[in-house]
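Understanding the architecture of this molecule
One-letter residues, chain by chain:
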Amino acid sequence: MMRRVVLAGRGDLAEWRDAARAFAAAGILPEEIDWRERSAEADLAFQRDAMPPAPVTRKPMTVPPAFIELAETVLCHSDPARFSLLYRLLWRLQLDRQLLEVASDEDVVRARLMAKNVRRDAHKMTAFVRFKEVGAAAAGRRKFIAWFEPDHHIVRRTAPFFQRRFTDMDWLIATPKGSAAWDGARLTLSDAPCEKPNLTDATDDLWRTYYVSIFNPARLKLKAMQAEMPKKYWKNLPEADLIPGLIASAESQVRAMAAREATQSLPFHDRLQEAARNLPIEPEAPAGTLEALSAEAGACTRCPLHAKATQTVFGEGPRDAEVMFVGEQPGDQEDIAGRPFVGPAGKLLDQVIADVGIDRSALYVTNAVKHFKYEPRGKRRIHQKPNMGEVKHCRWWLDLELALVKPKLIVAMGATALAALTDVKERLQDVRGKAMAIEGGRTLFVTVHPSYLLRIPDERLKAEEMVRFRNDMLEIQRLMASAG
Ligand code: URA
């Protein structure tokens, strides 16, 4: 006699286990049960055909812990066949306790594959959820909503990840398979399907700029890219509509990159160096001005870095800027342009600060070290971190910039800037995101260097770090607004 059972099937182990236990205790065989997932149609059929389990005739079945673990994950899969597959495995395990170790067994293979798909879907959710700000919640907390379309019932198992990572904001993740919400104290989970909200915000542009800046046409591997960021997720990713265009232009971009690749000896390199060497030591600009200081630094030979760099890249910005941003050292493009933060890291910085309402032209932007340190590799010049000796030599110029500009707030981007600005050996992660008083009555705010964001290989970490960096810039914007 066939029995029919209808489960809500939202990845709830207890629900399936209770039904399975009752059937197993009554000795009902796998082929005698028609497992269904709740739907209007299944409910009707259930009312018509439901059969209570037969009276208990057997002692309870037992299973190894690995089965419980597997069942917990498989039950999150959306394939309606998952319930019967697990019930069959439950019966078969009574005869063969080692069954789950038989890698070639058809039921085991199917269950493991389902579990793998569930884990993959959960991983993608942690990487591709994009929060949109929707205003302020109580007690000054910021409020965000995200829309995500998972393949499986993974909201419950993934929610704790977001709770851990985004504790300091209120958020709701809405999906067609339920929702999760956090208000700083309580995680609320619901199985009720949500409607897609109509959401866009300023961070959409940020994601797009970020994506363009990390997209390396020379490394384009279409298959790997689509495996990492499958097309089905694209429609909810603000950056995704750029992808087809970027792919289409990748080849021409690579050719252009090759054509303008930095060489060890650029045609104008020697000329610029020569000009820099011939600059008058006594600057023409009035003494005590930034122009004079910059001209003087142009002839700097305080450390060996000047020998290979094209030119000194001095700071730039208003003489009376209230905020000074300090990076590490000029990169390849800055070395050629003679201006700080004009390459990829600068572009990312520009976008993030503009996004939070900071006007770059109001900032004084400089570096701890004023010459590009690199190692030639073929035609390319590979960035090398300056050592503490070089940082110390260059502190001469940074101190003079600080003395002239007298910023109220200094932003150290990365560990080199932090080391140049403080004598205390603080670890960046210990002081990041906080405003602190430093010598000379100044306030220092520490954050990561934008190049760090450009280098993170893991999508999920990258996304988190982008949000943290933006939050740091937002805090700086608040400090600027409250000071001014
Ligand atoms: N990185 C820096 O630290 N400074 C620049 O100017 C460019 C990249």
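Keep in mind that what you see is a predicted model, and the values were worked out from it rather than measured. Once a new chain begins, its residue numbering starts again from 1 and follows that chain's sequence as written. Local features are withheld for residues below a pLDDT of 70 in this predicted model, meaning they are given only at 70 or higher, and side-chain atom pairs are given and counted only at 80 or more; totals for whole chains, interfaces and linings count all residues. Note: side-chain values were computed over all heavy atoms of the structure, leaving out hydrogens and water.

1. Examining the sheet that holds strand 5 (residues 170–175)
- Reading across from one edge, 3-4-5-6-7 is the order of the 5 strands in this open sheet, with mixed pairing throughout. Each end of this open sheet is capped by a strand with a single partner; those strands are strand 3 (132–136) and strand 7 (187–190). Pairwise comparison of adjacent strand axes, ignoring direction, gives a mean angle of 15° for this sheet.
- Relative to strand 6 (residues 178–182), strand 5 runs antiparallel, the two being bridged by 5 bridges. Within strand 6, the position partnered with Trp171 by the bridge is Trp182. A strand pair is defined by DSSP finding two or more bridges across the two strands. Secondary structure elements are taken from DSSP: a helix is a run of H or I of four residues or more, a strand is a run of E of two residues or more, and numbering for both begins at the N terminus. Here an axis means a line fitted to C-alpha atoms, over the contact stretch when the element is a helix, while the angle between two N-to-C directions is reported on a 0 to 180 degree scale.

2. Concerning the pattern of salt bridges
- One side-chain nitrogen of Lys or Arg within 4 Å of one carboxyl oxygen of Asp or Glu is enough to make a salt bridge. For the structure shown, the criterion picks out 29 salt bridges.
- Notably, a salt bridge pairs Glu37 with Arg82, separated by 2.7 Å at the nearest N-O pair. Residue Glu37 is found in strand 2 (residues 33–37), and its partner Arg82 is found in helix 4 (residues 82–95); the two are separated by 45 residues along the sequence.
- Residue Arg82 is classed as buried on the basis of its relative accessible area of 0%.
- Between Glu316 and Arg339 there is a salt bridge, with the nearest N and O atoms lying 2.7 Å from each other. Only protein chains enter the accessibility calculation, which uses a 1.4 Å probe. A residue is then buried if its area is under 20% of the maximum for its type, exposed if over 50%, and partly exposed in between.

3. Examining the side chain of Glu334
- Within the fold, Glu334 resides in helix 12 (residues 332–337).
- Buried and unpaired, Glu334 has no salt bridge, with Arg360 as the nearest side chain of opposite charge at 7.5 Å.
- Here Gly343 takes part through its backbone nitrogen, which lies 2.7 Å from a polar atom of the side chain of Glu334. Charged residues are defined here as Lys and Arg on the positive side and Asp and Glu on the negative side; His and the ends of the chain fall outside this count. Distance and chemistry together define a polar contact, namely a pair of N or O atoms within 3.5 Å, with one atom able to donate a hydrogen and the other to accept it when in protein, and with adjacent residues in sequence counting only for side-chain atoms on both sides.

4. Some details on the packing of helix 4 against helix 5 (residues 106–128)
- Packing of helix 4 against helix 5 brings their axes to within 10 Å, and their N-to-C directions diverge by 130°. Regarding the angle of helix 4 to helix 5, the classification is oblique. Crossing angle aside, the handedness with which helix 4 passes helix 5 is left-handed. Residue-level contacts link Arg82, Leu85, Arg88, Leu89 and Arg92 of helix 4 to Asp107, Val108, Arg110, Ala111 and Met114 of helix 5.
- Of the residues that constitute the contact of helix 4 with helix 5, the class distribution is 5 nonpolar, no polar and 5 charged. Here the angle decides the label: under 35 degrees means roughly parallel, over 145 means roughly antiparallel, 65 to 115 means roughly perpendicular, and every other value means oblique. What makes a crossing left-handed is the near helix being turned counterclockwise from the far one by less than a right angle; a clockwise turn instead makes it right-handed. In what follows, residue pairs with any heavy atoms lying within 4.5 Å of each other are defined as contacts. Amino acids outside the nonpolar list (Ala, Val, Leu, Ile, Met, Phe, Trp, Tyr, Cys, Pro) and the charged list (Asp, Glu, Lys, Arg) are all regarded as polar, and Gly is one of them.

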